[in-house]
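Summary of the model geometry
This is what each chain is made of:
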Amino acid sequence: MTDAAVARTSRLDTLVDYARRAPGRCLAVVLALHVVIWTALPALLSHNLQLDLIEDLALGREWQLGYWKHPPLPWWLADLAYRAVGDVRVVYLLGPLSAAACMFVVWLLGRDILGGFQALIAVLALEGLHFFNFSVPKFAHDQMQLPFWALTGLFLYRAITRERLLDWIAAGIALALCFWSKYAAFALAGSIGLFMLFDPKARSTLRTPGPWLMALAFLVAIAPNLVWLIDSGYLPFRYADGRAKVATHWYHFFTFPLQWAGGQLFFLAPTIGLMGLALFGARRMPADDDKIGFARRYVAMLALGPFAVTTAVALAAGRLPVAMWGYPLWSFAPLAALLWFGTASEPLPLRRFAAGFLIVFAAFPLAYAIVEGLEPVIRDRPKATQFPGHALAEQVTQRWRDKFATALPYVGGGEFATNNIAVYSPDRPRVIVHADLGISPWIDLADLRRRGAVLVWEDGQIDAAQLAQLRSDYPGLEVREPITLPRQVFVESAHVRPVRVHVAFVPPRP
């Protein structure tokens, strides 16, 4: 072995030894760096807010109990953060914070079962999961689920093993907050329900008050959104159904599950690789240990149950699950691997894992920076982060003020252009989603008629028939000259198509 190799091995041994002695401190350093890196990168490299982030701020201000698309919790949080700080870029912090909170809670569960060091390995492996790196800056409903999904798993484990009523109540509230974040939480709830029925240890708790207190806490916490959901005719479910691709041939019932599973494996691949490095030569724990036996079954349920439920429901409905529905599904997968395949303890696998983790931890931010900065040189793919949101908002607002000498009160039409104007315009107009008052209940029709509005859409979003419908819905609609603006890129030599936005005024009628 060369001197350089010996030095590298020595440094890796030092890192491993530090992690053994102080796993909590090591985790704190990693999570702090995770939050700083994945907050700073998009904030520095993005000319415009991500699609989800712009939507957070455009609609969160309305403080509805539910929206046509999703439950409201992440949008409320984004609005609170903006009100507290006064800068729209604060939303870049929310996704990394959600991921870090989830990772910390997974560590707490792992520490309860295997101790701090093994739990640390499980959490560090999550750094290789796409949902915790590349897509984590796009804070929305998927990211909001992460901490509450993990908390549900932690509190329910403690409730069953420690038999404390407070843990049962906390598990019910955490599960309700999952639903307040995204209705995909049904996969977790379904998995828990099946586990409580079929696992002997969990089933024995049904004779105690705990599970029923959990159910009561869940119902109380979810009740306001549940009432809204019923009153709205289950609008978000229709949105989710419309997003999923429908099976049109018999073979789709075979190809759709394979396509869904293959996409999830692709996202998981770096994490699987890291766990492979850690588990090489691992020692499996005794199967006759009751605590470990239950923990194996329980964490396996958390790791695989929601995926199985999502797959089964989508298959029964003849739908292809959207890839991002896998967002919270794999948070417990590395911990399950340690429980089933053995704990990592040998020096060589631990050194390899440490080296692999450091590579992954550095490579994904670097890849993100390269994609954001150099992709426009390679291909012309419109991205939300290149959209000229500030310029569009300024021009539309100025046109409105020049014409009517009032602040711009409302904006609607094409979703992304509308939300950009709502967020970046100094007048902060309220949003008419898709120019559809039926899914924008916060809009006062009388006030809209009195004060007027702007409707916008990008090329190809509205055809002649849809424009005719808009003219019918908004009497006096005046189509103005479209606005053409260059996309914002770092490399001036990049040949990217400009953005063209069509503008129409709905004149005020005092």
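Please refer to the structure higher up on the page.
Residues numbered from 1 in each chain as written. Predicted model: local features only at pLDDT ≥ 70, side-chain atom pairs only at ≥ 80, totals over all residues. Heavy atoms only, no water.

Okay, the environment of Val16 next. With respect to the helices and strands, Val16 occurs in helix H1 (residues 3-21). For Val16, a relative accessible area of 12% corresponds to the buried category. Spatially, the C-alpha atom of Val16 lies 47 Å from that of Phe416, the residues being 400 residues apart in sequence. In contact with Val16, not counting residues within four places along its chain, are Phe117, Leu350, Arg351 and Ala354. (Helix = DSSP H or I, 4+ residues; strand = E, 2+ residues; numbered from the N terminus. Buried < 20%, exposed > 50% of the residue type's maximum accessible area, 1.4 Å probe, protein only. Contact = heavy atoms within 4.5 Å.)

A few words now on helix H7 (residues 141-162). Under the 1.5 Å per step criterion, the end-to-end length of H7 is 32 Å for 22 residues, consistent within 8% with the ideal 32 Å. Among the 22 residues in H7, 18 count as buried, and that is most of the element. Two residues or fewer past H7, Glu163 is found with a positive phi of approximately 60 degrees. (Expected span 1.5 Å × (residues − 1).)

With that out of the way, let us pick up the packing of helix H5 (residues 94-114) against helix H6 (residues 116-125). Between H5 and H6, the least distance of the axes is 7 Å, while the angle of their chain directions is 145 degrees. Our pair here, H5 against H6, has a crossing hand that is right-handed. Residues Met103, Val106, Trp107, Gly110, Arg111 and Leu114 of H5 form the contact with H6, whose participating residues are Gly116, Gln118, Ala119, Leu120 and Val123. For the contact of H5 with H6, the class distribution of residues is seven nonpolar, three polar and one charged. (Axes fitted to C-alpha atoms, helices over the stretch in contact; angles between N-to-C directions. Left-handed = near helix turned anticlockwise from the far one by under 90°. Nonpolar A, V, L, I, M, F, W, Y, C, P; charged D, E, K, R; others polar.)

This part takes up the packing of aromatic side chains. The geometry of an aromatic ring pair is captured by two quantities: the separation of the ring centres and the angle between the planes. Counting across every chain of the model gives 30 aromatic pairs. Summarising the aromatic geometry, the rings of Trp38 and Tyr368 are spaced 5.5 Å apart at their centres and angled 85 degrees between planes, so their arrangement reads as edge-to-face. Here the residue Trp38 occupies a position in helix H2 (residues 23-45), and Tyr368 occupies one in helix H16 (residues 347-378), the gap between them amounting to 330 residues. Here the aromatic cluster, defined as three or more aromatic residues joined through ring pairs, consists of Trp38, Phe134, Phe364 and Tyr368. Its guanidinium or amino end placed over the ring of Phe294, Lys201 lies 5.8 Å from that ring's centre, counting from NZ or CZ. The positively charged end of Arg352 is found above the aromatic ring belonging to Phe280, 5.7 Å away from the centroid. (Phe/Tyr/Trp six-rings, centres within 6.5 Å; stacked < 30°, edge-to-face > 60°. Lys NZ or Arg CZ within 6 Å of the ring centre and 35° of its normal.)

Taken together, the side chains of Trp250, Tyr251, Phe253, Phe254 and Leu315 present a nonpolar region at the surface, about 580 Å² in accessible area. Within the secondary structure layout, Phe253 lies in helix H13 (residues 252-279). (Patch = residues over 30% accessible without salt bridge, like charges linked within 9 Å, V, L, I, M, F, W, Y side chains within 5 Å. Areas by Shrake-Rupley, 256 points an atom, 1.4 Å probe, with all protein chains shown as cover. Salt bridge = Lys/Arg side-chain N within 4 Å of Asp/Glu carboxyl O.)

The next subject is the pairing of strand E5 (residues 453-458). Of all six residues in E5, six are buried, a share of seventy percent or more. Every second residue of E5 is oriented toward a common face, with Ala453, Leu455 and Trp457 on one face and Val454, Val456 and Glu458 on the other, all of them buried. Pairing geometry for strand E3 (residues 410-413) and E5, over three bridges, is parallel. Bridge pairing links Gly413 to Val456 in E5. Looking at chain direction, E5 and strand E8 (residues 499-506) are connected through six bridges and run antiparallel. (Pairing = 2+ DSSP bridges.)

Note that side chains of opposite charge can pair when their charged atoms are close. Summed over all chains, the structure comprises 21 salt bridges. Asp87 is paired through a salt bridge with Arg89; the nearest N and O atoms lie 2.8 Å apart. For Asp447, the salt bridge is made with Arg451, and the minimal N-O distance between the two is 3.3 Å. One end of the pair is Asp447 and the other is Arg451, both in helix H19 (residues 445-451) and four residues apart, which spans about a single turn. The buried category is assigned to Asp447, whose relative accessible area is 14%. Looking at Arg451, the relative accessible area reads 34%, which means it is partly exposed. Overlapping salt bridges bring together Glu372, Glu375, Arg379, Arg381 and Lys383 as one network.

Our next topic: the layout of surface pockets. Where empty space is left becomes clear once a probe the size of a water molecule has been rolled over the atoms. Computed from the structure, the largest pocket encloses a volume of approximately 1100 Å³. Around the largest pocket, the lining is made up of 40 residues, and of these Gln50, Leu51, Asp52, Lys138 and Ala384 lie nearest the centre. Elements represented by at least two residues in the lining of the largest pocket include exactly helix H3 (51-60), H7, helix H12 (235-243), H16 and E8. Examining the composition of the lining of the largest pocket, we find that four residues originate from one element, H16, more than from any other. Looking at side-chain class alone, the lining of the largest pocket contains 15 nonpolar, eight polar and 17 charged residues. Taken as a whole, the second largest pocket holds about 630 Å³ of empty space. In this structure, the second largest pocket is lined by 29 residues; those nearest its centre are Tyr183, Phe186, Phe237, Ala240 and Trp325. The set of elements that each furnish at least two residues to the lining of the second largest pocket consists of helix H9 (186-198), helix H11 (210-231), H12 and helix H14 (290-317). When residues in the lining of the second largest pocket are grouped by element, the largest group, six residues, is from H12. Looking at the lining of the second largest pocket, its residues break down into 21 nonpolar, three polar and five charged. (1 Å grid on protein atoms, 1.4 Å probe; cavity = no way out; pocket = protein on both sides within 12 Å on 5 of 7 lines; lining within 4 Å. Points joined across faces, edges and corners; volume = space filled by probe spheres on them.)

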